[in-house]
Amino acid sequence: STPGRDGERTPMQWNDATHGGFSISEPWLPLADDVREKNVERQLRDSASLLHFYKELISLRKKHPALRSGDLEFVDMHTDVLAYRRSADGENTMIVLNFSASPKRIDKSILNASFKVLLSTHREKGAVIREMELIHPLEATVLVREDEK
């Protein structure tokens, strides 16, 4: 028989209370071992948490037309790096993602203009970038062309 998904799933960890705040009864799936450290309540208090990062991504998508529609152009990269440009309504964005646990050198010419960091796991928000030749391990960076936003 084919194994199910249950070995990979856990109940939503809302807080560090009994059963992670998921239920007053014991859930049929076990909680993750890190329920005390990783739960929604704790991430809501941590501005550097993954939850806040996702909320910022959603907000950016609403504010920037090129992040939700328009033209899409993939940039040829390493197998571990995904880079693509999005453009719509005169706005040009660039998204660069490193799925590797090691830094990757990339062609610094992928940025054909000055870009401003909208959101990044490793770069300062608002910083202007003219070249990008190294992408950090597990980095995700969203850029907008500087002369446009």
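Conventions adopted
Residues numbered from 1 in each chain as written. Predicted model: local features only at pLDDT ≥ 70, side-chain atom pairs only at ≥ 80, totals over all residues. Heavy atoms only, no water. Salt bridge = Lys/Arg side-chain N within 4 Å of Asp/Glu carboxyl O. Helix = DSSP H or I, 4+ residues; strand = E, 2+ residues; numbered from the N terminus. Buried < 20%, exposed > 50% of the residue type's maximum accessible area, 1.4 Å probe, protein only. Core = buried A, V, L, I, M, F, W, Y, C linked by side-chain atoms within 4.5 Å.

(A) Summary view of the pattern of salt bridges. Taken as a whole, this structure holds 6 salt bridges when the rule is applied. Ionic pairing is found between lysine 125 and glutamate 56, a salt bridge with its closest N-O pair at 2.4 Å. Taken as a pair, lysine 125 in the loop between β5 (115-120) and β6 (128-129) and glutamate 56 in helix α2 (residues 50-63) lie far apart in primary sequence, 69 residues in all. With a relative accessible area of 29%, glutamate 56 lands in the partly exposed category. The partner of arginine 85 in a salt bridge is glutamate 73, with the nearest N and O atoms 3.3 Å apart. Remark: glutamate 73 occurs in strand β1 (residues 71-75) and arginine 85 occurs in strand β2 (residues 81-88); sequence separation between them is 12 residues. What makes arginine 85 buried here is its relative accessible area of 19%. For glutamate 73, a relative accessible area of 43% translates into the label partly exposed.

(B) Region of interest: the nonpolar core. Counting 15 residues, the largest nonpolar core has Met94, Val96, Ile110, Leu111 and Leu143 as its most contacted members. Of all the secondary-structure elements, those providing two or more residues to this core are β2, β3 (91-98) and β5. Phe53, Leu118, Ala140 and Val142 belong to the second largest nonpolar core, which has 11 residues in total.

(C) Spatial organisation of unusual backbone geometry. Phi is positive for histidine 19, which is not a glycine, with a value near 60 degrees. Structurally, the position occupied by histidine 19 is in the segment before α1 (40-45). Within the chain, leucine 138 stands out as a residue other than glycine whose phi angle is a positive 55 degrees. Along the polypeptide, leucine 138 turns up in the loop between β7 (134-135) and β8 (140-145).

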